[in-house]
Amino acid sequence: QALEDQYSPSRWSPRLDRDTIIDAHLAVTAAGTERARASAQTLLHVPYGDGDGEKLDIYFPTDPSETFPLLVYIHGGYWQCLSKDDSGFAAPPLVSQGVAVVAVGYDTAPKGHMDAMVLQVRRSLIFLGERYPRIRGIYLCGHSAGAHLAAMVLSTDWTEFQVVPDIKGAVLVSGVYDLEPILHTYVNDVLNMSREVAQRNSPMRHVTLAVPAACEVLVAVAQHDSPEFRRQSQEYSQALRAAGWSVSLLDLAGVDHFDIIEKLSEDSYILTQVRYEGCAKA
């Protein structure tokens, strides 16, 4: 039961009770995405593969130059809910500054399984690099389960894909980097992971030595994330640093697992600023 509580982010927010906060999160992200679609030039439901879930939404800069940096957002939802259709809320502050934002869809459980989701996100980046060869780098931003998937991208051996996406930076927000603890929780009821699958898809277990071109990584965690989420963020950032990566750990006061990402729709929010500054370096 203690482990169930630790991996139930809705139990830890001081703002709202556990049932209300998830509904509120869905409402905020859906409304923000609706606003983004109304205000930006978009290409929606772009297929990057043949699967039903293998589609992207692209929000183009207000004043697109010949080339632009690309921020790829990978949604959370414990690998079993949410979608790209709720994931455009973070686009407006960036498209107004000349950055394209891509919301990645992937097959969530029970249809999707962990190996397939990781592969889909990797393939989406290859697709974007081939479709937009003149972009000024790809920046990853993932929340919760999406932070896990973005971290798995960082551990990719790209030789088997015969192409290396130009990943310049990654912002990992309130993620899970070791999947073994959730084998023993309700989260795995739908995912149905074996220990081998969990180990194979745990970024903490697959930290690679940083190469000269390795991107900068920001690991962000909320004050009101659970102690386990906070521990995972700290230990993963330490493991990256030990392997030679340029990594920062940002512990954000006054936010929980949900509004830490919802606030990306605000121009003045620190994570919005960090994402823009990263893209502006391109």
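Before going into details, it helps to say that this report is about the structure given with it. (Residues numbered from 1 in each chain as written. Predicted model: local features only at pLDDT ≥ 70, side-chain atom pairs only at ≥ 80, totals over all residues. Heavy atoms only, no water.)

**Things to note about the packing of aromatic side chains**
What counts is decided by this rule: Two rings from Phe, Tyr or Trp (for Trp, the six-membered ring) form a pair when their centres sit within 6.5 Å of each other. Planes less than 30 degrees apart are called stacked, planes more than 60 degrees apart edge-to-face, and all others tilted. Numbering of helices and strands runs from the N terminus; a helix is a DSSP stretch of H or I covering at least four residues, while a strand is a stretch of E covering at least two. The buried label applies to any residue whose accessible area, calculated with a 1.4 Å probe on protein chains only, is under 20% of its type's maximum; exposed applies above 50%, and partly exposed to all values in between.
Enumeration over the complete set of coordinates arrives at nine aromatic pairs. Here tyrosine 73 and phenylalanine 89 contribute two aromatic rings whose centre-to-centre distance is 5.7 Å and whose plane-to-plane angle is 80°, an arrangement assigned as edge-to-face. Taken together, the residues span a long stretch of sequence, with tyrosine 73 in strand S3 (residues 70–74) and phenylalanine 89 in the loop between S3 and helix H3 (92–95) at a distance of 16 residues. When sorted by exposure, tyrosine 73 lands in the same class as phenylalanine 89, which is buried. Here tyrosine 177 and tyrosine 236 contribute two aromatic rings whose centre-to-centre distance is 4.4 Å and whose plane-to-plane angle is 10°, an arrangement assigned as stacked.

**Quick notes on the pattern of salt bridges**
The condition that has to hold: Whenever a carboxyl oxygen of Asp or Glu lies within 4 Å of a side-chain nitrogen of Lys or Arg, that contact is scored as a salt bridge.
This model, assessed by the stated rule, comprises 16 salt bridges. Where aspartate 115 meets arginine 200, a salt bridge forms, and the shortest distance between an N and an O atom there is 2.7 Å. Here arginine 200 lies in helix H7 (residues 195–200) and aspartate 115 lies in helix H4 (residues 114–131), a separation of 85 residues in the sequence. Taken together, the shared-partner salt bridges in this structure form one network comprising Arg37, Asp57, Lys84 and Asp85.

**Thoughts on the nonpolar core**
Counted only if it meets this: Think of a nonpolar core as a cluster: buried Ala, Val, Leu, Ile, Met, Phe, Trp, Tyr and Cys residues, connected wherever their side-chain atoms sit within 4.5 Å. Whether two residues touch is decided by their heavy atoms; if any such pair falls within 4.5 Å, the residues are in contact.
Core analysis: the largest hydrophobic core is formed by 61 residues, its most contacted members being Trp79, Leu140 and Leu172. Those residues in contact with leucine 172 that sit more than four places away from it in its chain are Gly142, Ala147, Ala150, Ala151, Leu154, Tyr177, Val217, Leu218, Val219, Ala220 and Tyr236. Counting 28 residues, the second largest nonpolar core, distinct from the first, contains Ala91, Tyr139, Ala220 and Ile261.

**Some thoughts on the sheet that holds strand S8 (residues 247–256)**
Working definition: the strands of a sheet are paired by backbone hydrogen bonds and lie parallel or antiparallel to each other. To be explicit about the condition: Pairing between two strands is assigned when DSSP locates at least 2 bridges connecting them. Note on geometry: axes are C-alpha line fits, over the in-contact stretch for helices, and angles between N-to-C directions span 0 to 180 degrees.
Pairing is mixed in the open sheet, where eight strands are placed in the order S1-S2-S4-S3-S5-S6-S7-S8. In the strand order of this sheet, the two ends are held by strand S1 (41–47) and S8, each with one partner. Adjacent strand axes in the sheet meet at a mean angle of 20° when their direction is disregarded. Two strands pair when backbone bridges link them, and strand S6 (residues 167–173) and strand S7 (residues 216–224) are joined in this way by five bridges, in the parallel orientation. Paired with glycine 169 across the strands is glutamate 216, a residue of S7. Across the sheet, helix H5 (residues 145–154) lies against S3, strand S5 (138–143), S6 and S7, angled at about 140° from S5, the strand it touches most.

**Focus: the packing of H4 against H5**
The geometry of a pair of packed helices is captured by two quantities: the angle between their axes and the separation between those axes. Using the following cut-off: For this classification, under 35 degrees means roughly parallel, over 145 means roughly antiparallel, 65 to 115 means roughly perpendicular, and everything else is oblique. Should the near helix be turned anticlockwise from the far one by less than a right angle, the crossing is left-handed, and should it be turned clockwise, the crossing is right-handed.
Where H4 contacts H5, the axes come no closer than 10 Å and their chain directions differ by 65°. Taken together, the axis directions place H4 and H5 in an arrangement best described as roughly perpendicular. Pair H4 / H5 crosses with right-handed handedness. Residues Met114, Met117, Val118, Val121, Arg122 and Leu125 of H4 touch H5, and the partners they reach there are His148, Leu149, Met152 and Val153.

**What to know about the environment of glutamate 262**
Locating glutamate 262 in the fold gives a position in helix H9 (residues 259–262). The sequence separation of glutamate 262 and serine 246 amounts to 16 residues, and the corresponding C-alpha distance is 26 Å. When sequence neighbours within four positions are dropped, the list of residues in contact with glutamate 262 reads Arg15, His25, Val28 and Phe89.

**Brief notes about the pairing of S3**
Moving residue by residue along a regular strand, the side chains alternate between the two faces of the sheet. Here S3 lies mainly inside the structure; five of its five residues are buried. Pairing geometry for S3 and strand S4 (residues 100–104), over five bridges, is parallel. When the bridges of S4 are listed, isoleucine 74 appears paired with valine 104. The pairing of S3 with S5 spans five bridges and is parallel. Looking at S5, one finds that leucine 70 is bridged to isoleucine 138.

**Let's talk about unusual backbone geometry**
Residue proline 110 is bonded to the preceding alanine 109 through a cis peptide linkage, with omega at 10°. Locating proline 110 in the fold gives a position in the loop between S4 and H4. The backbone of serine 144 sits at a positive phi, close to 60°, despite the residue not being glycine. Tracing the chain through its elements places serine 144 in the loop between S5 and H5. Phi at asparagine 192 is positive, roughly 55°, even though this residue is not glycine. Tracing the backbone shows asparagine 192 in the loop between helix H6 (187–191) and H7.

**A closer look at the pairing of S6**
The condition is simple: With the strands aimed away from the viewer, a crossover counts as right-handed if its path from the first strand over the helix to the second runs clockwise.
Of all seven residues in S6, six are buried; the element is thus mostly enclosed. The sheet contact formed by S5 and S6 spans six bridges and is parallel. If you follow tyrosine 139 over to S6, its bridge partner there is glycine 169. In terms of handedness, the path from S5 via H5 over to S6 forms a crossover that is right-handed.

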